[in-house]
Amino acid sequence: MAEPLDLGDQINAQIRATGPMSISTYMRLCLTHPTLGYYKKADPLGAKGDFVTAPEISQLFGEMIGIWLANTWTSLGAPKAFDLVELGPGRGTLLADALRVIKNVPGMIDAMRLALVETNPALIEKQKNLLTPFTPIWVTELSQLDDHTTPILMVANEFFDALPIRQFIKKDGTWHERLIGLEGDKRQYGLSPTPLHTELIPDQMKDSSDGAIFEQSLLSQDVISTISDKLQNRSGALLAIDYGYTQTQIGDTFQAIENHQFADPLANPGKADLTAHVDFESLAKAATHTTGTDQNTLTQAAFLKAMGIVERTESLKAKNPDHAANLETDLNRLIGDTEMGSLFKCLCISSEGLNPYPFAAEVG
Ligand code: SAH
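Residues numbered from 1 in each chain as written. Predicted model: local features only at pLDDT ≥ 70, side-chain atom pairs only at ≥ 80, totals over all residues. Heavy atoms only, no water.

### Overview of the overall build of the chain
Helix and strand counts for the chain stand at 12 helices and 16 strands. The C-alpha radius of gyration of the chain comes to 21 Å, within 12% of the 21 Å expected for a compact globule of 364 residues. Residue burial in the chain is summarised as follows: out of 364 residues, 55% are buried. Look at the contacts in the chain between residues 6 or more apart in sequence, and 75% of them connect residues 24 or more apart. Accessible surface, the chain: about 16400 Å² in total, of which carbon and sulfur atoms supply 51%. Side chains of the chain give 29 positive and 46 negative charges; the mean places of these two sets differ by 4 Å. (Helix = DSSP H or I, 4+ residues; strand = E, 2+ residues; numbered from the N terminus. Rg over C-alpha atoms; globule rule 2.2 N^0.38 Å. Buried < 20%, exposed > 50% of the residue type's maximum accessible area, 1.4 Å probe, protein only. Contact = heavy atoms within 4.5 Å. Areas by Shrake-Rupley, 256 points an atom, 1.4 Å probe, with all protein chains shown as cover. Lys, Arg positive; Asp, Glu negative; His and termini not counted. Charge placed at Lys NZ, Arg CZ, Asp CG, Glu CD.)

This is the structure in structure tokens:
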């Protein structure tokens, strides 16, 4: 039988054959189906795409991350060889901006081996345009870098929000997984009849009332614990930036974005970006080793200010008075309270005792 071309038809056929599917299975199919998944197709970023990310707003974002990478490399004792790894580098803009800073740090570029974890062929082409002079290697899985033993610095901007989540809803006093089933040809939500084992329910959820919903990304937790082990073995740090919450909480954040608009997540499989807010508390707990700091999560505003974004904007404004208004607008988009400044968080995971600036108790 010929394979139906539409991803929605394929998902419906799978539901008819094997029963309702979890949101994580649905999300994984929609985002990473080998030919029809959202992240296997065209470049989704930018004004013409579905969404705009911080590095696409302003070069200052990548530059501040460049300063963080340079500081952390210095704290590691300026190793003569290290891996710089980015998870989901998009168009390569963040790294291109960060590398302009890194180039000014004596010895750092020569010591660096650049590795990009990416699954989207259209984005790999864009990354090649910007990053070829730095001779990156491309991998689709972190485990492909397992033969490396040097210290490692990692960056991930808007990567974890794209990893699949499951949702659970409380009904008549017990928690049930939310599933996607069919009514006729229309996909719709339902609940698994099997109650969730009480041991699997986070402590924060125990007193919730009926109708409450919580989300869990086991894959994100797995990725963090693998990275944390790797960092401990080889020394180094990860900086993960995303929108989300600092404490595990109740709420439905599963969302679809298409052409810069919110859409129905069940309506157009493979055509809309599906994401969920990141539960930073669960990620921090999944780390197998601590950073040696009291505080491993900062708001994006606190992080960028600590790295000097306000001073850098002022100096650019003085040099380019014609662009002052634009520079101010871009700065506000990145650090404004009602913009990305407080919804977005920066999580640092590192090898024990490394204590990367500015993830320390007195900042933030
Ligand atoms: N960091 C970039 C892009 C964010 S969009 C920026 O800030 O602009 C998410 C990125 O993660 C894209 O590059 C996407 O192709 C990649 N991605 C999504 N799921 C992935 C997966 N499972 N493995 C590797 N890369 C993935």
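### Overview of unusual backbone geometry
With an omega of 0°, the peptide bond running from Tyr357 to Pro358 counts as cis. Tracing the backbone through its elements, the reader meets Pro358 in the segment after strand S16 (344–350). The backbone of Ala78 shows a phi angle near 50°, a positive value even though the residue is not glycine. Note that Ala78 resides in the loop between helix H4 (59–75) and strand S2 (82–87). Its relative accessible area of 28% is what places Ala78 among the partly exposed residues. Unlike most non-glycine residues, Thr135 shows phi in positive territory, near 40°. Position of Thr135 among the secondary structure elements: in the loop between helix H7 (121–131) and strand S4 (137–139). On the basis of relative accessible area, Thr135 is assigned to the exposed category, the value being 61%.

### Here we look at the pattern of salt bridges
Two side chains bearing opposite charge may form a pair once their charged atoms approach each other closely. Taken as a whole and judged by the stated rule, the model has 18 salt bridges. Between Arg113 and Asp83 there is a salt bridge, and its shortest N-O distance comes to 3.2 Å. A residue pair is termed long-range when its members are at least 10 positions apart, and Arg113 in strand S3 (residues 112–117) and Asp83 in strand S2 qualify at 30 residues. The salt bridge partner of Glu177 is Arg166, with a shortest N-O separation of 2.6 Å. (Salt bridge = Lys/Arg side-chain N within 4 Å of Asp/Glu carboxyl O.)

### A few points about the site of the ligand
Taken together, the neighbourhood of the ligand is formed by 15 residues, with Thr53, Gly88, Gly90, Glu118 and Asn157 sitting nearest. Within the contact set of the ligand, an oxygen atom lies 2.6 Å away from a side-chain nitrogen or oxygen of Thr53. Between the ligand and Asn157 there is a distance of 2.7 Å, counted from an oxygen atom to a side-chain nitrogen or oxygen. For the ligand, whose unbound accessible area comes to 570 Å², protein coverage reaches 93%. Across the shell around the ligand, the residue classes break down as 6 nonpolar, 6 polar and 3 charged. (Near = heavy atom within 4 Å. Polar contact = N/O pair within 3.5 Å; in protein donor to acceptor, adjacent residues only side chain to side chain. Nonpolar A, V, L, I, M, F, W, Y, C, P; charged D, E, K, R; others polar.)

### Examining the packing of helix H11 (residues 309–319) against helix H12 (residues 324–335)
Viewed as axis vectors pointing N to C, H11 and H12 meet at an angle of 170°, and their least axial separation amounts to 9 Å. As summarised for this structure, H11 and H12 are arranged roughly antiparallel, according to the angle between their axes. Regarding H11 and H12, the two cross each other, and that crossing is right-handed. Seen from H11, the contacting residues are Ile309, Val310, Thr313, Glu314, Leu316 and Lys317; seen from H12, they are Ala324, Leu327, Glu328, Leu331, Leu334 and Ile335. Split by residue class, the contact of H11 with H12 holds 8 nonpolar, 1 polar and 3 charged. (Axes fitted to C-alpha atoms, helices over the stretch in contact; angles between N-to-C directions. Parallel < 35°, antiparallel > 145°, perpendicular 65-115°, else oblique. Left-handed = near helix turned anticlockwise from the far one by under 90°.)

### Brief notes about the packing of helix H1 (residues 7–18) against helix H2 (residues 23–32)
Viewed as axis vectors pointing N to C, H1 and H2 meet at an angle of 150°, and their least axial separation amounts to 11 Å. In terms of axis orientation, H1 runs roughly antiparallel to H2. In this structure, the crossing between H1 and H2 has a hand that is right-handed. When H1 is examined against H2, the residues Leu7, Ile11 and Gln14 are found in contact with a partner set consisting of Thr25, Tyr26, Leu29 and Cys30. Within the contact of H1 with H2, the residues separate by chemical class into 5 nonpolar, 2 polar and no charged.

### Quick word on the packing of aromatic side chains
As enumerated under the stated definition, the model contains 7 aromatic pairs in all. Each ring, one from Trp73 and one from Phe82, has its centre 6.1 Å from the other, and the planes form 45°; the classification is tilted. Trp73 gets classed as buried once you look at its relative accessible area, which sits at 4%. Judged by relative accessible area, Phe82 falls into the buried class, the value being 1%. Connected via pairs of aromatic rings, a cluster forms that spans Phe168, Trp175 and Phe214. Seen from the ring of Tyr189, Arg178 lies directly overhead, with NZ or CZ sitting 3.7 Å from the centre. (Phe/Tyr/Trp six-rings, centres within 6.5 Å; stacked < 30°, edge-to-face > 60°. Lys NZ or Arg CZ within 6 Å of the ring centre and 35° of its normal.)

### Remarks on the pairing of S16
In terms of burial, S16 is a largely internal element, 7 of the 7 residues being buried. The alternating pattern of S16 places Phe344, Cys346, Cys348 and Ser350 on one face and Lys345, Leu347 and Ile349 on the opposite face, and all of these are buried. In terms of strand pairing, strand S10 (residues 236–245) meets S16 through 7 bridges, oriented antiparallel. In the strand pairing of S16, Ala237 is matched with Ser350. Inspection of the sheet shows strand S15 (residues 297–299) paired to S16 by 3 bridges, in the antiparallel sense. (Pairing = 2+ DSSP bridges.)

That is the geometry; function is a separate question.
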